[in-house]
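# Descriptive analysis of the structure
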Amino acid sequence: MSFTPAQFNTLVEALTIVLPLNSPADVQLKRFFKEHAKLGVRDRAIIAETVYAVLRHRRAIEAIATDGVPRKMALLALTRYQGMSSRELTNVLKKAEVTWLADSKSFVPKKTSLGIEAELPDWVVAHLKTSMSDKDILALGRSMMNPAPLDLRVNTAKAKRDAVMKLLQRDGIVCAATPWSPIGIRLETKVALAKHPAFLEGFIEVQDEGSQLLGMLMEPKRSEMVVDFCAGAGGKSLLLAAMMGSTGRVYAMDVSEKRLTNLSPRLKRSGLSNVMPQKIDSENDTKIKRLAGKIDRVLVDAPCTGLGTLRRNPDLKYRQSEQALAELNVKQASILQSASRLVKVGGRLVYATCSFLTEENEMIAEAFLAKNPQFKLIDVNKIFERLKIPVKNQGTYFRLTPQQHATDGFFAAVMERTK
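Read on for a plain summary of the structure. Treat the numbers as computed from the prediction; the structure is a model and nothing was measured.

## Side note on the overall build of the chain
- Secondary structure summary: the chain contains 20 helices and twelve strands in total.
- Here the chain holds 419 residues, and 55% of them are scored as buried.
- Pairs at least 24 residues apart make up 71% of the contacts formed inside the chain by residues separated by at least 6 positions.
- Of the accessible surface of the chain, which amounts to about 19100 Å², a share of 54% is contributed by carbon and sulfur atoms.
- Each charge sign in the chain was given a centre, from 62 positive and 44 negative side chains, and these centres are 4 Å apart.

## As for the state of the cysteines
- Following the criterion strictly, the structure yields zero disulfides and no others.
- Cysteine 304 provides the cysteine sulfur closest to cysteine 230, a residue in no disulfide bond, and the two sulfurs are 10 Å apart.
- The exposure class of cysteine 230 is buried, given its relative accessible area of 18%.

## A short note on the pairing of strand E5 (residues 225-228)
- One ladder, built from four bridges, connects E5 with strand E6 (residues 249-254); its direction is parallel. From the neighbouring strand, valine 227 faces E6, where its bridge partner is tyrosine 251.
- Bridging between E5 and strand E8 (residues 295-301) involves three bridges; their strand directions are parallel. By the bridge assignment for E8, valine 227 is matched with valine 298.

## Structural notes on helix H3 (residues 41-56)
- When the terminal C-alpha atoms of H3 are compared, their 22 Å separation across 16 residues agrees well with the 22 Å that a helix rising 1.5 Å per residue should span.
- For H3, every residue scored as buried is listed here: Asp43, Ile46, Ile47, Thr50, Val51, Tyr52, Ala53, Val54, Leu55 and Arg56.
- Each element contacted by the buried residues of H3 is listed here: helix H1 (5-18), helix H2 (25-35), helix H4 (58-64), helix H5 (70-81) and helix H16 (316-319).

## Digging into the environment of glycine 68
- Here glycine 68 lies in the loop between H4 and H5.
- For the pair glycine 68 and leucine 19, spaced 49 residues apart in sequence, the C-alpha separation works out to 9.5 Å.

## Some words on the side chain of aspartate 315
- Topologically, aspartate 315 is positioned in the loop between E8 and H16.
- Ignoring anything within four residues of it in the chain, the contact list for aspartate 315 reads Leu21, Pro24, Ala25 and Leu55.

## Side note on the pattern of salt bridges
- Scanning the model with the defined rule gives 24 salt bridges in all.
- Two residues, lysine 72 and aspartate 67, come together in a salt bridge whose shortest N-O distance is 2.9 Å.
- Classification of lysine 72 as partly exposed rests on a relative accessible area of 25%.
- When the shortest N-O distance is used, the salt bridge between arginine 259 and aspartate 254 registers 2.9 Å.
- Among the charged side chains, a salt-bridge network with shared partners connects Asp208, Arg311, Arg312 and Asp408.

## Description of the packing of aromatic side chains
- In this structure the tally under the stated criterion is four aromatic pairs.
- Taken together, a centroid distance of 5.3 Å and an interplanar angle of 55° make the contact between phenylalanine 368 and phenylalanine 375 tilted. Both residues of the pair, phenylalanine 368 and phenylalanine 375, belong to the buried class.
- Ring plane angle 40° and centroid distance 5.2 Å describe the contact between tyrosine 397 and phenylalanine 411, whose orientation is recorded as tilted. Of this pair, tyrosine 397 sits in the loop between helix H19 (380-387) and strand E11 (398-400) while phenylalanine 411 sits in strand E12 (residues 410-417); the two residues are 14 residues apart in sequence, bridging distant segments of the chain.

## Re the environment of aspartate 296
- Mapped onto the secondary structure, aspartate 296 falls in strand E8.
- Taking the C-alpha atoms as reference points, aspartate 296 and lysine 158, separated by 138 residues in sequence, lie 25 Å from one another.
- In this structure aspartate 296 touches Glu224, Met225, Lys344, Gly347 and Arg348, once residues within four positions along its chain are discounted.
- Polar side-chain contacts of aspartate 296 include one of 3.1 Å to the side chain of lysine 344.

## What to know about the side chain of serine 23
- As for its position among the elements, serine 23 is in the loop between H1 and H2.
- Exposure remark for serine 23: the relative accessible area of 19% places this residue in the buried category.
- When sequence neighbours within four positions are dropped, the list of residues in contact with serine 23 reads Gln28, Arg31 and Arg319.

## Some remarks on the nonpolar core
- The biggest cluster of nonpolar side chains holds 37 residues, and the ones touching the most others in it are Leu213, Leu214, Leu217, Val275, Phe384 and Phe398.
- Elements with a minimum of two residues in this core: helix H12 (209-216), helix H13 (235-243), E6, helix H14 (257-270), strand E9 (343-353), H19, E11 and E12.
- Here this core takes five residues from H13, the largest share from any one element.
- Core analysis: the next-biggest nonpolar cluster, separate from the first, contains 35 residues, Phe3, Ala14, Phe33 and Leu89 among them.

## Remarks on the environment of threonine 16
- Relative to the helices and strands, threonine 16 is located in helix H1.
- Classification of threonine 16 as partly exposed rests on a relative accessible area of 42%.
- C-alpha separation for the pair threonine 16 and alanine 176, spaced 160 residues apart in sequence, amounts to 38 Å.

## Some points on the sheet that holds strand E3 (residues 184-187)
- Pairing is antiparallel in the open sheet, where four strands are placed in the order E2-E3-E1-E4. If you trace the sheet from one side to the other, it starts and ends with strand E2 (175-177) and strand E4 (204-206), each paired once. With strand direction ignored, the average angle separating the axes of adjacent strands in the sheet is 30°.
- Bridge analysis of strand E1 (residues 150-154) against E4 gives three bridges, and the strand direction is antiparallel. From the neighbouring strand, valine 154 faces E4, where its bridge partner is isoleucine 204.

Rules behind the numbers
- Residues numbered from 1 in each chain as written.
- Predicted model: local features only at pLDDT ≥ 70, side-chain atom pairs only at ≥ 80, totals over all residues.
- Heavy atoms only, no water.
- Helix = DSSP H or I, 4+ residues; strand = E, 2+ residues; numbered from the N terminus.
- Buried < 20%, exposed > 50% of the residue type's maximum accessible area, 1.4 Å probe, protein only.
- Contact = heavy atoms within 4.5 Å.
- Areas by Shrake-Rupley, 256 points an atom, 1.4 Å probe, with all protein chains shown as cover.
- Lys, Arg positive; Asp, Glu negative; His and termini not counted.
- Charge placed at Lys NZ, Arg CZ, Asp CG, Glu CD.
- Disulfide = S-S within 2.5 Å.
- Pairing = 2+ DSSP bridges.
- Expected span 1.5 Å × (residues − 1).
- Salt bridge = Lys/Arg side-chain N within 4 Å of Asp/Glu carboxyl O.
- Phe/Tyr/Trp six-rings, centres within 6.5 Å; stacked < 30°, edge-to-face > 60°.
- Polar contact = N/O pair within 3.5 Å; in protein donor to acceptor, adjacent residues only side chain to side chain.
- Core = buried A, V, L, I, M, F, W, Y, C linked by side-chain atoms within 4.5 Å.
- Axes fitted to C-alpha atoms, helices over the stretch in contact; angles between N-to-C directions.

This is the structure we're talking about:
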């Protein structure tokens, strides 16, 4: 593989636009490719892979390219993390860059830190140090540097996993059963599925295995009333609805009309008839008050920093801050308190995030339990034993990390209302 000067300049242009991170990297790239419609599939792939390599390894790259010049950052990403040699870049290297790139191979930054080695912001490392060793922080950070696999969830209302896997394999898609989720499939490489019959027929949905396990913690039963309080585009709502055999009701609530609109085509493909999308103005909407004390199970997949998804969204490291965390903590506590009012006596409340920070996880759950003695914590191990899912390394809370489970980072507290 080699670059033409035009190809390399386009890559540098993309990096120049994305690196300020004025909006999510995937949104910026999508816009960039739309504006550069003549780019081929291969060029788009190289650009996207290199931009994400820079974002994943930005701290180490900036420790060498201290001036933050996108051109230098591109060269370092290509040679250090994309497996290209200087020889393959001969067409694009300036004379001074040949020497600089050669010297960079043996360059050791004067300043290094756990944050640089783990590719995490210093404020995140400081928070993690309250509950993790340096060794574990480094392992966590390094596990986040690898791209996430593409996981699928089988829609059990329409198909069985083995049959779907045979359908995919018939078309040359290499896949395997996920190790934990009994309805998950992991693809060896990312492939476009939007036009595949399995997708069009509603047999599969893209969903990380960790997210699937999180939904299973709800253990919904047929004919129950269930609320997915922060439903987003409804991935977990659809999982819960299928687990209920398309009986009962799943209220998919969200403050975003756009996200709920994205649920519509997914719901149609699924063939499920028990999902009711509900736009709410806030966690104190009157729709919520009308359902108070009537719901069997409530899932609160709360707004969070999203740091558990850094394999997919490495730019989140730099778009979050301590101030944003503090603001989220207030919102998380408020949403959990409001959602809890829906739960009937004997009902279940699951509070979840895709984060590994205790401030968003244990601290929110424990503050809620201290304020609400009518709820008690349930050991997630017992749930997984009933479901015959051998998830390892679980305490009373539900915790998943990329280095231990090859999933996104997740947390959940499962609670029951006793009075």
